[in-house]
Each structure stands twice: as structure tokens, then as C-alpha cells.
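Here is how the chains run, residue by residue.
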Amino acid sequence: MRRFFAITLTVIAVLAFVVTLVSLWPTDFWLVRTVDLVREPLAYLAVLLGLFALVLNGKGRWLAVALFGLTALVNTWRIWPYSVLAGEEIETIAANEAQIAQCFTALSVNVKVKNTGFAEVAAQIEEVSPDLLLLMETDQNWIDQLQGTLDDYPYTLTEPQPHAFGMVFASRLPVADARLVENTHRDTPTLYATINLPNGENFEFIGLHPKPPLPDWNTGERDRNIVRAGTRTPGNNPDSLVMGDFNDVPWSRTTTRFREEGNWRDPRIGRGTYPTFPGNLTALGWPLDQIMLRGSLDLRDFTIMPDNGSDHRAVRATLCQGPDEG
């Protein structure tokens, strides 16, 4: 029996290492790109199985240990910037009295279109009471059920869809302009809104929810949607905030390119991965829901919210407009 376990572990170790190596291949094939999503739990699993292989006798024991070690090493290398041991890209600020007037809260919630926990989501929104609210996967039923909550917002923009890519934007701050644009594929809108602050300055708010990697859907369209969302904005405003379910992790080639080409700063860098999916098991999940900022926007706090009944955790942030960097 011990020999059987040793052989089984060796086979698993070979497969895990091969999958990890293949995941480094620059392709948009959905199955390869899916590995990006699970690098963190894959690294944990490789360490655990490697330790288990150490206690077994068998001809292939050291091969299994070595391959599990390499699998953990490669995946840890890919997610390293999002380790608490790496340096923070954004420092949180304690806003002074003058700056507090230019601070605002934003909340991004993927409600899950088939979810019926309307009251839980509404209660979370009302508890946070964000100045800017982005809802994703909203069909007409969700909009109807949350209407009482949305009525508290002077400005709302809705696009209900029956399948998973509806979107709602609501704001307590003055909105100079807002539009839903289909950057790449129909029925997957990207939100662009220009928001005014009390000091007369403005910033651009971007809401994003592209399609995930699926067996019949490679990531080419998703990747173009993500990159275009942050580099070709209608307002071309240097002060910008992007939030949403990217259906991608921050360490992927695509989101890294989005961040670098658009000069975005990621609050996760140096703080941790902050998984948001699945909502009821984030300890083994991955961070699909992103928030990034650029320009003179400063970060006051960044929080992954408690489970609200959806399959995603909501993302909340408080931001302030600092001195103009230009």
C-alpha cells in the first residue's frame, strides 16, 4: 500500500509540474489560462503533498519531493509581488482635515445573477453606504429587488441582462458623464464615468466585468477587454479608479500588462492576495475582483467584505484625492 501511494504521488507530482510549466506558455487557450487563477492554492497543495511524500518509502519518493518543490517554487514566484514579504506599491494615508472633504468610498459587488439572497446584498450595501456603487451580474429581477437601496442614490445607470453580465452603477457624488461601452464583445459592458469632487477636480471611475476562461471561450476577447479598459478611456483622466470582477488574477500576464500600460497601482502588491472567489471558501480561493488606482488618488483603506451570499466577496475602498502629481 505504501508503494502504491508513493507511485501515485509521483504521478501527481509529474502532472502538477507539467501543468505548471505549460501555464507559462503565452497563449489564450482557456485551459492553460485557468491555471493562472489557482496558482496560490496549487502552491499550497504542492508543499503539502511534498511533505507527505517525504514520509513515504519508495523508489520515486525523491522525484516526487523535487517535482512538488519545483511546482511550489514556480507558482510562488509568479504570485510573489502579492506576498506580504514583498514591498507595498501603495501606502495607505491618514487624510488630514482638508483632504477628508475629497475622500469617498467605493464598493464593487458581483451579486451572482442566480443568487436569491437579495436582502443580504442590500444589507451589506446599506452598511457600507458607499459613495460609488458598482453591481455586476444584475438582471431585471436584481434591479427590482434592490430598488429601495438604489433610490438612495441621486444618480444611477443600469443595464440589466438575463445571463451574467448586467451592470448597475450608482453614485452620491456628482456625475459629469457616464456611459456603458462594449469594448470588445457584445453584452459585456465596461462602465466609464467622470466623477466630480467638492474641490472642483474630477476623476474617472471604470467598472469592468469581462467573460471568464471557459471550455468554449478562450481568453483573447477577455484579455483585450481588460487591457483596453484602462488604456483607452473616454475621459483620458490621469486620476482614475478601476473596480470590478476581472475574471482574472492580478499576477496574470494580462492584468499585469493592464497595470503597466495604464500606470495603475495595485493595493494588493506587498499586502497579500486577498482572495474574493469562491465567496464561502476564500482561504483556498483566488482574487478575481480587482481595484486599482492611478494619478493623484490616494488609498485610505482597502477591504474584502464578509460573505454576502454571492459566489464573490465584495471589495470596498476609501480613496482621497491628493496633491496633483503633475
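In this text the structure is predicted, and so the values were computed from the model without any measurement.

Draft legend 1. Quick peek at the overall build of the protein chain. From N to C terminus, the protein chain includes 10 helices and 11 strands. Against the globule reference of 20 Å for 326 residues, the protein chain gives a C-alpha radius of gyration of 21 Å, in line with a compact fold. Seen through its C-alpha atoms, the protein chain measures out along the principal axes to roughly 70 × 45 × 35 Å. Relative to its full complement of 326 residues, the protein chain shows a buried share of 56%. Counting only carbon and sulfur atoms, one obtains 57% of the accessible surface of the protein chain, whose full area is about 14,500 Å². Of the charged side chains in the protein chain, 27 are positive and 38 negative; the average position of the first set lies 12 Å away from that of the second.

Draft legend 2. Layout of the layout of surface pockets. Considered as a void within the structure, the largest pocket measures approximately 300 Å³ in volume. Tallied by class, residues from the lining of the largest pocket come to 10 nonpolar, 5 polar and 5 charged.

Draft legend 3. Spatial organisation of the nonpolar core. Core analysis: the largest hydrophobic core is formed by 27 residues, its most contacted members being F104, L132, I195, F203, F205 and L241. In this structure L132 touches F104, T105, A106, L107, F169, A170, S171, L173, I195, F203 and F205, once residues within four positions along its chain are discounted. Within the second largest apolar cluster, 19 residues are counted, among which are L107, V109, F118 and A314.

Draft legend 4. Inspection of the packing of helix α3 (residues 39-54) against helix α4 (residues 61-79) at higher detail. In the contact formed by α3 and α4, the axes pass within 8 Å of each other and the chain directions differ by 160°. As judged from the angle between their axes, α3 and α4 are roughly antiparallel. By crossing handedness, the relation of α3 to α4 is classed as left-handed. Residues R39, E40, L42, A43, A46, V47, L49, G50, A53 and L54 of α3 form the contact with α4, whose own contacting residues are R61, W62, A64, V65, F68, T71, A72, N75, T76, R78 and I79. Residues that form the contact of α3 with α4 fall into these classes: 13 nonpolar, 4 polar and 4 charged.

Definitions and limits used
- Residues numbered from 1 in each chain as written.
- Predicted model: local features only at pLDDT ≥ 70, side-chain atom pairs only at ≥ 80, totals over all residues.
- Heavy atoms only, no water.
- Helix = DSSP H or I, 4+ residues; strand = E, 2+ residues; numbered from the N terminus.
- Rg over C-alpha atoms; globule rule 2.2 N^0.38 Å.
- Buried < 20%, exposed > 50% of the residue type's maximum accessible area, 1.4 Å probe, protein only.
- Areas by Shrake-Rupley, 256 points an atom, 1.4 Å probe, with all protein chains shown as cover.
- Lys, Arg positive; Asp, Glu negative; His and termini not counted.
- Charge placed at Lys NZ, Arg CZ, Asp CG, Glu CD.
- 1 Å grid on protein atoms, 1.4 Å probe; cavity = no way out; pocket = protein on both sides within 12 Å on 5 of 7 lines; lining within 4 Å.
- Points joined across faces, edges and corners; volume = space filled by probe spheres on them.
- Nonpolar A, V, L, I, M, F, W, Y, C, P; charged D, E, K, R; others polar.
- Core = buried A, V, L, I, M, F, W, Y, C linked by side-chain atoms within 4.5 Å.
- Contact = heavy atoms within 4.5 Å.
- Axes fitted to C-alpha atoms, helices over the stretch in contact; angles between N-to-C directions.
- Parallel < 35°, antiparallel > 145°, perpendicular 65-115°, else oblique.
- Left-handed = near helix turned anticlockwise from the far one by under 90°.

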